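Coordinates in review
One-letter residues, chain by chain:
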Amino acid sequence: MSEEPGSALDGPVSDTDRAYTVRLELVDQPGELLNALRPIAENGGNLLSVFHERGHLTPRGHIPVEVDLEATPERFERIVDALRENGVNVVRAGADRYGEQLTVVLVGHLVDTDLSDTLSQLERATSATVADFSLRLAREEGDSVTSARVRLDAEAGTGREVLDALREVAAEKELTVVEPLVEVSP
Amino acid sequence: MRLAVVGAGVVGRAVVDLAASYGHDVVAVADSSSSVVAPNDETLAPDSVLARKSEEDVVGDDAPEAALDADYDVLVEATPTTLGDAEPGYGHAVAALEHDRHVVLANKGPVAERYDDLRAVEHDSAGRVLFEATVGGAIPAVTTIDDLGPAHVTAVRGVLNGTANFVLTRMAAEGLDYEHVLAEAQDLGVAEADPSFDVEGTDAALKCVILANVLYGGGYSLADAEVEGIDGLPTESLSLAAEDGMTVRLIGSVEDGVIRVGPRLVPEHGTLAVSGTRNIVQIETDHAGRLNISGRGAGGPETATAVLADVGRLSRPDDA
């Protein structure tokens, strides 16, 4: 889904436009996506792309949608405000977000220790959001050790901080964190 | 150089076997229960020492301590690594230094657990201590850092335990579980009967501690390392990593004064994902980017190669 460039309120896209990525979490209801996109055009944003991961839920049970758009910083702020006024959950917004992607593997009694709580704690403690996760049960019966691969989007330069926080959360639940060796630089 | 070799395990025996081909003489050999010392200016015949060791499990008729009193230039300390006070290896090294003799260590204990103590004794001695063989077997890690200048090295990391690496490689390649692969490694002689030192990360951590001591001029022991092993890692964690183009390696790192050892995700076909018992040391430098040195990190002749390289340095005092 995209719009013609320059469809913003004030004519052509100005030099001060910047690219932004907005990550939204939508409730799975008809019309939610449209509801979310309308404030972008109405406030002079230029929609570049919408990535709608249907069938994929965040740990909170929402549908993650990633929107790329161009706007001036002032307009962008208005867009984010308008989205929030419309009741759309804006998880992350900014041009300099998602500078780092971290993939970790968690090992332990993930289900018994409430994996979604583990990930929520991490999201609360840091700038990171859970972009993706994949769970694998142990093959042996009677063993509740589970492995999960988790992809985290974090603000640029915060990779180490996120891993420190993850280690702390994991230690409380006696989970093993297989960290990436070096966080990818922005 | 005239060598006294203390410790007649895989490494000690290989040093005895190979010394002559590097132009050095063995004048004394000791194991834990016996020793043999060449009379006066003579040298020992390596074959007969090694034959007696394999047939009778002793190297000679003297008490082990006699080797320390022999007339040697370099003491090769190749007794098993011990933690804490690092004895008896530490005591052997001190005895040599107090006689103004050089020491070449294959035993990690003295430089991992008592680096500062050992350097203090060395300071008052005409002898020197070299220990290339303690990190990464044949890989010249310590010397390379020394040559680059520790102040110009910003980080060192790598795969420093062949047993753990073998287990991870097999688990990922065959989808086999940890216990199965470990048993296989034991059958192949890749893992010890008690593999805890390797799979719990202690061995890799000791090597990182030694590198930290070289990088920062001492001050580190095993207690300063944050260590996690690979024991009990589920196969599923490796297959999840593989789906993302990654694999798991037991990585040790020394960076910003912090020593860490633990399972890490690395690119499946990346430089650090060496396979089998291979080791790799990756050195980050200020002015020359990244250096990778990989090779055999353990084994008798491999480790003896590093020991004899140190002996070679000592025999060229101008560049040692």
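Residues numbered from 1 in each chain as written. Chains lettered and ligands numbered in written order. Predicted model: local features only at pLDDT ≥ 70, side-chain atom pairs only at ≥ 80, totals over all residues. Heavy atoms only, no water.

**Digging into the overall build of chain B**
In terms of regular secondary structure, chain B is built from 12 helices and 12 strands. Radius of gyration (C-alpha) of chain B: 20 Å, near the 20 Å computed for a compact globule of 320 residues. Partitioning the intrachain contacts of chain B with sequence separation of at least 6 by distance along the chain shows that 68% fall at a separation of at least 24. Per element, the accessible surface of chain B, about 12600 Å² overall, is 47% carbon and sulfur. Averaging the coordinates of the 20 positive side-chain charges in chain B and doing the same for the 54 negative ones gives two points 5 Å apart. (Helix = DSSP H or I, 4+ residues; strand = E, 2+ residues; numbered from the N terminus. Rg over C-alpha atoms; globule rule 2.2 N^0.38 Å. Contact = heavy atoms within 4.5 Å. Areas by Shrake-Rupley, 256 points an atom, 1.4 Å probe, with all protein chains shown as cover. Lys, Arg positive; Asp, Glu negative; His and termini not counted. Charge placed at Lys NZ, Arg CZ, Asp CG, Glu CD.)

**Quick word on the pattern of salt bridges**
One pass over the full model with this rule turns up 26 salt bridges over all chains. The salt bridge partner of A:R160 is B:D256, with a shortest N-O separation of 3.8 Å. With A:R160 in helix 4 (residues 159-172) and B:D256 in the loop between strand 9 (246-255) and strand 10 (258-267), this pair bridges two chains. A relative accessible area of 60% places B:D256 in the exposed class. (Salt bridge = Lys/Arg side-chain N within 4 Å of Asp/Glu carboxyl O. Buried < 20%, exposed > 50% of the residue type's maximum accessible area, 1.4 Å probe, protein only.)

**As for the interface of chain B and chain A**
It is common to give the size of an interface as the accessible area that goes away when the parts come together. Counting residues at the interface gives 24 residues for chain B and 23 residues for chain A. When residues of chain B are sorted by the area they lose upon contact with chain A, B:E236, B:L240 and B:L265 head the list and together hold 34% of the total. On the surface where chain B and chain A come into contact, there are five salt bridges. Linking B:E243 and A:R149 is a salt bridge whose minimum nitrogen-to-oxygen distance equals 3.1 Å. Across the contact surface, chain B and chain A share nine residue pairs in polar contact (both at pLDDT 80 or more). Going through the elements one at a time, helix 11 (235-243), strand 9 and strand 10 of chain B are the ones with two or more residues in the side of chain B that touches chain A. (Buried area = accessible area lost by both parts, 1.4 Å probe. Polar contact = N/O pair within 3.5 Å; in protein donor to acceptor, adjacent residues only side chain to side chain.)

**Considering the domain arrangement of chain A**
Residue and element names in this part refer to chain A. Examined at the domain level, chain A breaks down into domain 1 (18-94) and domain 2 (100-178). Inter-centroid distance (C-alpha atoms) of domain 1 to domain 2 is 26 Å. On the domain 2 side, the residues contacting the eight residues of domain 1 number 11 residues. Both sides together, the interface formed by domain 1 and domain 2 hides about 730 Å², and carbon and sulfur atoms give 47% of it. Here domain 1 and domain 2 share zero salt bridges between them. (Domains from an automatic or database assignment.)

**A short note on the UniProt feature "active site" (unreviewed entry) in chain B**
Residue and element names in this part refer to chain B. When the UniProt feature table is mapped onto this chain numbering, "active site" (unreviewed entry) sits at K207. For K207, the location among the structural elements is in helix 10 (residues 202-216). Excluding residues within four positions of it along the chain, K207 makes contact with K108, T134, V135, G136 and L160. (UniProt positions renumbered as here; feature names shortened; annotations may be inferred.)

**Section: the packing of aromatic side chains**
For any pair of aromatic rings, the description consists of the separation of the ring centres together with the inter-plane angle of the planes. All names here are of chain B. What the rule picks out here adds up to three aromatic pairs over all chains. Note on Y115 and F131: the rings are 6.2 Å apart at their centroids and 90° apart in plane angle, and the pair reads as edge-to-face. Taken as a pair, Y115 in helix 5 (residues 115-123) and F131 in the loop between strand 6 (129-130) and helix 6 (141-148) lie far apart in primary sequence, 16 residues in all. For the pair Y115 and F131, one class covers both residues: buried. Between Y216 and Y220, the ring centres sit 5.6 Å apart and the planes meet at 40°, which makes this aromatic pair tilted. Residue Y220 is classed as buried on the basis of its relative accessible area, which comes to 18%. (Phe/Tyr/Trp six-rings, centres within 6.5 Å; stacked < 30°, edge-to-face > 60°.)

**Details of the sheet that holds strand 1 (residues 2-6) of chain B**
All names here are of chain B. Spatial strand order, 3-2-1-4-5-6: six strands in an open sheet with mixed pairing. If you trace the sheet from one side to the other, it starts and ends with strand 3 (35-37) and strand 6, each paired once. Pairing analysis gives four bridges linking strand 1 to strand 4 (residues 74-77), with the strands arranged parallel. Counterpart to A4 in the pairing with strand 4 is L75. (Pairing = 2+ DSSP bridges.)

**A short note on the environment of B:G7**
Residue and element names in this part refer to chain B. Looking at the element boundaries, G7 is found in the loop between strand 1 and helix 1 (10-18). The spacing of G7 and R260 is 253 residues in sequence and 30 Å in space, taken between C-alpha atoms. Setting aside its immediate chain neighbours within four residues, G7 contacts G12, A30, A78 and T79.

**A short note on the layout of surface pockets**
All names here are of chain B. Here the largest pocket is characterised by a volume of approximately 1300 Å³. For the largest pocket, the lining is made up of 49 residues, of which V10, V11, P80, K108 and E192 are closest to its centre. Contributing elements (two or more residues each) for the lining of the largest pocket: helix 1, helix 7 (162-174), helix 9 (196-199), helix 10 and helix 12 (300-315). Here the lining of the largest pocket gets four residues from one element, more than from any other, and that element is helix 1. Shared between two domains, the lining of the largest pocket takes at least three residues from each, and those domains are domain 1 (2-137 + 300-315) and domain 2 (142-296). (1 Å grid on protein atoms, 1.4 Å probe; cavity = no way out; pocket = protein on both sides within 12 Å on 5 of 7 lines; lining within 4 Å. Points joined across faces, edges and corners; volume = space filled by probe spheres on them.)

**Describing the packing of helix 1 of chain B against helix 2 (residues 46-56) of chain B**
Residue and element names in this part refer to chain B. Running from amino to carboxyl end, helix 1 crosses helix 2 at an angle of 155°, the nearest separation of the two axes being 9 Å. In terms of orientation, helix 1 and helix 2 fall into the roughly antiparallel class. Seen along the crossing, helix 1 lies across helix 2 with a hand that is left-handed. Only P46, L50 and K53 of helix 2 make contact with helix 1, whose side of the interface consists of R13, V16 and D17. Looking at the contact of helix 1 with helix 2 residue by residue, the classes come out as three nonpolar, no polar and three charged. (Axes fitted to C-alpha atoms, helices over the stretch in contact; angles between N-to-C directions. Parallel < 35°, antiparallel > 145°, perpendicular 65-115°, else oblique. Left-handed = near helix turned anticlockwise from the far one by under 90°. Nonpolar A, V, L, I, M, F, W, Y, C, P; charged D, E, K, R; others polar.)

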